[in-house]
Amino acid sequence: DLEKPIQKSFIFPPMKDTVSQDIDHILETQSALAVDLGGTNLRVAIISQQGEILHKMSELTPVTYEQRMDLLVRMLVEATSKAVELSCRILGIGISTGGRVNPHEGMVLHSTKILEEWSSIDLRTPISSKLHLPVWVDNDGNCAALGEKKFGKGKGSEDFITLIVGTGIGGGIVLNNELVHGANFCAAELGHISVSMDGPDCMCGSSGCVESYSSGIALQREAKKLHDADELLVPGVHLREGEEVTGKHVIQAAQLGNKKAEKVVETACEALGLAVCSLLHTVNPSHIILCGHLAPHYVDGVREVIQRRALPSAASSIQIMVSDLEEPALLGAASIVLEYATRR
Ligand code: ADP
Ligand code: MG
Ligand code: ZN
């Protein structure tokens, strides 16, 4: 029944003399507060049952536990007053976060160095007691898959996988219409698929994981190396005074014909393509949905690696797509709330 058209409910019964004036005035939109906590950005949004982002705030993710929780609570409080202004009825809070998450307990079990001081963290208890709302939590890769399933290119697909490339790489696996969480909530850690016996150090403590080649942080590492050797900037790529070198600059430089930058992007595509080959051979999904700013730069390279290296039977039917959602993880976090809170 989540597919029903716009559902609005009365705040109070309409009085006879005002009802004809402006019916919208006394109607409210059923909505969720959604949080997406990544290695770089912390976002909070108000999202309607139809998946419209009605209001969004974004801040850099603070580095300590205390600062992170303080900022998160402040942003949520601000969002609840914004919801009143917008006549949104908030049904609950959905939190998408990096790290392994026990969604039954609302706990972050463990995170890599991308999110420090973020292991054995109870998110549900402090947030629900401060905001007086029910709280649901899941891993950001899983949330991205839920977002795609409800509002994006996963709609109507029973077996698909999302890969979300941000600071790190997250994954979500939907099989038979259900997210795969695994025995200890560690399934779909797709950023840590090994694509090399050695390879660069990964934030997880291992080396040669796909995240260590193809994530935002990996491209930034390579960008800094090139920049230090004076090999990054070409005509058309500029660094403003005090601007940090990031993956974006490698992408720009590669597009403008910088051969060393092209090589970095090619290697990132090769690594991601190999990881996808392993997924095809393990799960045989119908779709792979690539999410995040880097996805459009990787998709052609990934398709090419699959044609070259996957089993022909696995490669022949797979559809590799780029997400068309602005915020798959935020939308997925919202969808958990909307799904549970309206279940009868
Ligand atoms: P997270 O969820 O991990 O906080 P985001 O999805 O917000 O991450 O993306 C942040 C990462 O993406 C950073 O590594 C940043 O450098 C990179 N990034 C952001 N915008 C772009 C862009 N236009 N092109 C390439 N990389 C980008
Ligand atoms: Mg993210
Ligand atoms: Zn790793």
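Residues numbered from 1 in each chain as written. Chains lettered and ligands numbered in written order. Predicted model: local features only at pLDDT ≥ 70, side-chain atom pairs only at ≥ 80, totals over all residues. Heavy atoms only, no water.

1. Quick look at the overall build of the protein
This is how the line gets drawn: Strands are runs of DSSP state E lasting at least 2 residues, helices are runs of H or I lasting at least 4, and numbering of each runs from the N terminus. When we talk radius of gyration, it's over C-alpha atoms, and the globule rule is simply 2.2 Å times the number of residues to the 0.38. Remark: exposure states derive from per-residue accessible area (1.4 Å probe, protein chains only) relative to the maximum for the residue type, with buried under 20%, exposed over 50%, and partly exposed in between. The contact rule is simple, with two residues in contact once any of their heavy atoms fall within 4.5 Å. Areas reported as accessible are Shrake-Rupley estimates using a 1.4 Å probe. Residue values count occlusion only from the protein chains shown. Counted charges follow a simple rule, with Lys and Arg positive, Asp and Glu negative, and His plus the chain ends left uncounted. All charge positions are set by atom: Lys at NZ, Arg at CZ, Asp at CG, Glu at CD.
The helix and strand tally for the protein stands at ten helices and 14 strands. Its C-alpha atoms give the protein a radius of gyration of 21 Å, near enough to 20 Å, the size a compact globule of 344 residues would have. Counting only residues that meet the buried cut, the protein has 52% of its 344 residues in that class. In the protein, the share of contacts with a sequence separation of at least 24, taken over all contacts with a separation of at least 6, comes to 60%. Summing over all exposed atoms, the protein offers an accessible surface of approximately 16500 Å²; the carbon and sulfur share of this is 51%. Taking the 30 positively charged and 43 negatively charged side chains of the protein as two groups, their mean positions are separated by 2 Å.

2. Let's talk about the environment of Ile 95
For Ile 95, the position within the fold is in strand 5 (residues 88-97). In this structure Ile 95 comes out as buried when scored by relative accessible area, which is 1%. Residues Ile 95 and Ala 333, 238 residues apart in the sequence, show an inter-C-alpha distance of 5.5 Å. Residue contacts for Ile 95: discarding those within four places in its chain leaves Val 35, Leu 123, Ile 127, Val 135, Trp 136, Val 137, Asp 138, Cys 143 and Ala 333.

3. Let's talk about the site of ligand 1
Quick note on the threshold: Here a residue is considered near a molecule or strand provided that any single heavy atom belonging to it is located within 4 Å of it. Any pair of nitrogen or oxygen atoms within 3.5 Å is treated as a polar contact; in protein, a donor-acceptor pairing is required on top of that, and neighbouring residues in sequence qualify only through side-chain atoms on both sides.
Surveying the vicinity of ligand 1 reveals the residues Gly 38, Gly 39, Thr 40, Asn 41, Arg 43, Gly 166, Thr 167, Gly 216, Thr 246, Lys 248, His 293 and Leu 294. Gly 39 is positioned such that a nitrogen or oxygen atom in its backbone is 3.3 Å from an oxygen atom of ligand 1. Interatomic distance of 2.6 Å between a side-chain N/O atom of Thr 167 and an oxygen atom of ligand 1. Out of a free accessible area of 570 Å², ligand 1 has 77% covered by protein chains.

4. Details of the state of the cysteines
Spelled out, the test is: Disulfide: a pair of cysteine sulfur atoms within 2.5 Å of each other.
Going through the model one piece at a time under the given rule, you end up with zero disulfides. Note on Cys 291: no disulfide assigned, nearest cysteine sulfur contributed by Cys 143 at a separation of 12 Å. Of the residues examined, Cys 291 reaches a relative accessible area of 1% and is grouped as buried.

5. With respect to the sheet that holds strand 8 (residues 121-122)
Stated formally: Strand pairing follows a simple DSSP-based rule, namely that at least 2 bridges must link the two strands.
Ordered by their spatial adjacency, three strands build an open sheet running 6-7-8, and the pairing between neighbours is antiparallel. Both outer strands of the open sheet, strand 6 (100-102) and strand 8, are each paired with one neighbouring strand and no more. Bridge analysis of strand 7 (residues 107-110) against strand 8 gives two bridges, and the strand direction is antiparallel. Paired with Met 107 across the strands is Asp 122, a residue of strand 8.

The quantities given are spatial measurements derived from coordinates; they are silent on function.
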